[in-house]
Amino acid sequence: MTAVDAVSIITTKRDGGELSDAQIDWVVDGFTKGAVADEQMAALAMAIVWRGMTRRETARWTNAMIASGRRMDFTDLPRPTVDKHSTGGVGDKITLPLAPLVAACGAVVPQLSGRGLGHTGGTLDKLEAIPGWRADVPVARMREILSDPGIGAVVCAAGADLAPADKRLYALRDVTGTVESIPLIASSIMSKKIAEGTAALVLDVKVGSGAFLKTLDGARELATAMVELGTDAGVRTVALLTAMDTPLGRTAGNALEVAESVEVLAGGGPADIVELTLTLAREMVAQAGLDIDPADALADGRAMDHWRAMIQAQGGDPDAPLPRAKHTEIIRAERDGVLTRLDAMAVGIATWRLGAGRARQGDPVQFGAGIEMHAKPGDSVTTGEPLLTLHTDTPEAFSGALAALENSFTIGTAPPPQPPLILDRIAP
């Protein structure tokens, strides 16, 4: 018999032992209900950071977090369900064109998304830049929208009753230096996605300077853990590792990214956004068991139709003008040449400082704030040509943003090697 009390569980993991199912169930339930103190869970989280967890422990931990709240069920819907999750990057607006595109292909996309924190943007913040659009959708209304073949996609906030243990634990890890644990990160992401009730899931795991994971090995480890968790839970799961050394697209910031996403749905937009959107859409369509090329639904306007219907279904006006910042500042090229580097992290931090992001949960964001990138690595530039345009409502923010962008780009004489956007694929 293994001891089921907080101190025994902490010391078991501290000493490199494996937690039993009963211990995991008890400590997650106790923490959710307040019976396990924050300092005890913080100690256990630190022990997990140092000692790790086995695949069985991680799966059980994930299941315990799912069991702390409600689990949604869409199995009665007439079309297959599939979702996508990104680990976050700079200029990562892919959900906006992707959800309606996959819905236009015949799948149902129940996308529960989050808000931005720090240098990575949040999907809900981007969509809330659209006048009238609402992130909070009751479950009954969510089912109505998903059941409508002319819509088929919802992007909304997760309810408070979806994996509440994860919300409490995430907040604790954030302030106790225990974020960097592959089992805890994987279980945090996957508990919400599995509880969401989707039958299939495609993961976009970012790698590079602008991502949480800087190395291919670390990203591969996380992707593998999440694919295993999804598979063990009966969710068809595949992961793509995608590059995030350079921002995606040519905009970073909420309303700016919405406008760029609409360009993609209209048949234009930056090549990298189109490539990643179609690549992820093909994976999602395949996981949903559908035989259709998403490129056709993008080219013939069906994806745009689903976008407009999706925005209207959540109270938004797809024709309304998007917010624009009151002040701009331009960074210009100081010499002729070729842009060889544009650092994603620097752009992300500058965008955040301009007001597009938040330092703490609950802080307001400026919908019009952000950065336009007039050149990307490989583009030729001339002296005096605009490289970046900074947007904000608070001009005193320019100094901090400019400081973040110092040494963030390089102009050389020859085009740099163009690394692939898709770095690896992890499947069961």
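Everything quoted here is computed from the prediction, not taken from an experiment.

**What about the overall build of the protein chain?**
Part 1 of the reasoning: A count of helices and strands for the protein chain gives 16 helices and 13 strands.
Part 2 of the reasoning: Since a compact globule built from 428 residues should have a radius of gyration of about 22 Å, the 22 Å found for the protein chain is in line with a globular shape.
Part 3 of the reasoning: Seen along its three principal axes, the alpha-carbon backbone of the protein chain occupies a region of about 75 × 45 × 40 Å.
Part 4 of the reasoning: Expressed as a percentage of the 428 residues in the protein chain, the buried residues total 54%.
Part 5 of the reasoning: Considering only contacts within the protein chain whose residues lie at least 6 apart along the sequence, 79% involve residues at least 24 apart.

**Here's the deal with the sheet that holds strand 7 (residues 327-332)**
Part 1 of the reasoning: Taken in spatial order, the four strands make up an open sheet running 6-9-11-7, and their pairing is antiparallel. On the outer flanks of this sheet lie strand 6 (251-252) and strand 7, each paired with one strand and no other.
Part 2 of the reasoning: With two bridges connecting them, strand 6 and strand 9 (residues 370-373) associate as antiparallel partners. Residue T251 lies in a different strand from strand 9, and its bridge partner there is E372.

**What to know about the packing of helix 5 (residues 95-104) against helix 14 (residues 302-313)**
Part 1 of the reasoning: It is the contact of helix 5 with helix 14, at a shortest axis distance of 8 Å, that shows an interaxial angle of 110°. When the axes of helix 5 and helix 14 are compared, the pair comes out roughly perpendicular. Read as a crossing pair, helix 5 and helix 14 show a hand that is right-handed. Contact with helix 5, carried on its side by L96, A99, P100, L101, A103 and A104, involves R302, A303, H306, W307 and M310 of helix 14 and no other residues of that element.
Part 2 of the reasoning: Of the residues contributing to the contact of helix 5 with helix 14, the split by class is nine nonpolar, one polar and one charged.

**Describing the pairing of strand 11 (residues 386-392)**
Part 1 of the reasoning: Counting buried positions over the seven residues of strand 11 gives six, a clear majority of the element.
Part 2 of the reasoning: Here four bridges tie strand 9 to strand 11, and the two strands are oriented antiparallel to one another. Note on strand 11: the bridge partner recorded for M373 is L388.

**Things to note about the packing of aromatic side chains**
Part 1 of the reasoning: Scanning the entire structure with this criterion turns up zero aromatic pairs.
Part 2 of the reasoning: Between the NZ or CZ atom of R168 and the centre of the ring of F31, over which it lies, the distance is 4.2 Å.

**Thoughts on the UniProt feature "domain: Pyrimidine nucleoside phosphorylase C-terminal" (unreviewed entry) in the protein chain**
Part 1 of the reasoning: With numbering aligned to this structure, UniProt lists the feature "domain: Pyrimidine nucleoside phosphorylase C-terminal" (unreviewed entry) at residues 338-412.
Part 2 of the reasoning: For the annotated span residues 338-412, helix accounts for 28% and strand for 29% of the residues, and the straight-line distance between the end C-alpha atoms is 5 Å.

**As for empty space enclosed by the protein**
Part 1 of the reasoning: Overall, the coordinates contain two cavities of 30 Å³ or more when judged by the stated rule.
Part 2 of the reasoning: The calculated volume of the largest cavity comes to roughly 130 Å³.
Part 3 of the reasoning: Forming the boundary of the largest cavity are 18 residues, of which H119, T120, G121, E257 and T351 lie nearest the centre.
Part 4 of the reasoning: When residues of the lining of the largest cavity are traced back to their parent elements, those giving at least two are helix 11 (254-265) and helix 15 (344-356).
Part 5 of the reasoning: Among the elements that take part in the lining of the largest cavity, helix 15 stands out by supplying four residues, more than any other.

Definitions and cut-offs
Residues numbered from 1 in each chain as written. Predicted model: local features only at pLDDT ≥ 70, side-chain atom pairs only at ≥ 80, totals over all residues. Heavy atoms only, no water. Helix = DSSP H or I, 4+ residues; strand = E, 2+ residues; numbered from the N terminus. Rg over C-alpha atoms; globule rule 2.2 N^0.38 Å. Buried < 20%, exposed > 50% of the residue type's maximum accessible area, 1.4 Å probe, protein only. Contact = heavy atoms within 4.5 Å. Pairing = 2+ DSSP bridges. Axes fitted to C-alpha atoms, helices over the stretch in contact; angles between N-to-C directions. Parallel < 35°, antiparallel > 145°, perpendicular 65-115°, else oblique. Left-handed = near helix turned anticlockwise from the far one by under 90°. Nonpolar A, V, L, I, M, F, W, Y, C, P; charged D, E, K, R; others polar. Phe/Tyr/Trp six-rings, centres within 6.5 Å; stacked < 30°, edge-to-face > 60°. Lys NZ or Arg CZ within 6 Å of the ring centre and 35° of its normal. UniProt positions renumbered as here; feature names shortened; annotations may be inferred. 1 Å grid on protein atoms, 1.4 Å probe; cavity = no way out; pocket = protein on both sides within 12 Å on 5 of 7 lines; lining within 4 Å. Points joined across faces, edges and corners; volume = space filled by probe spheres on them.

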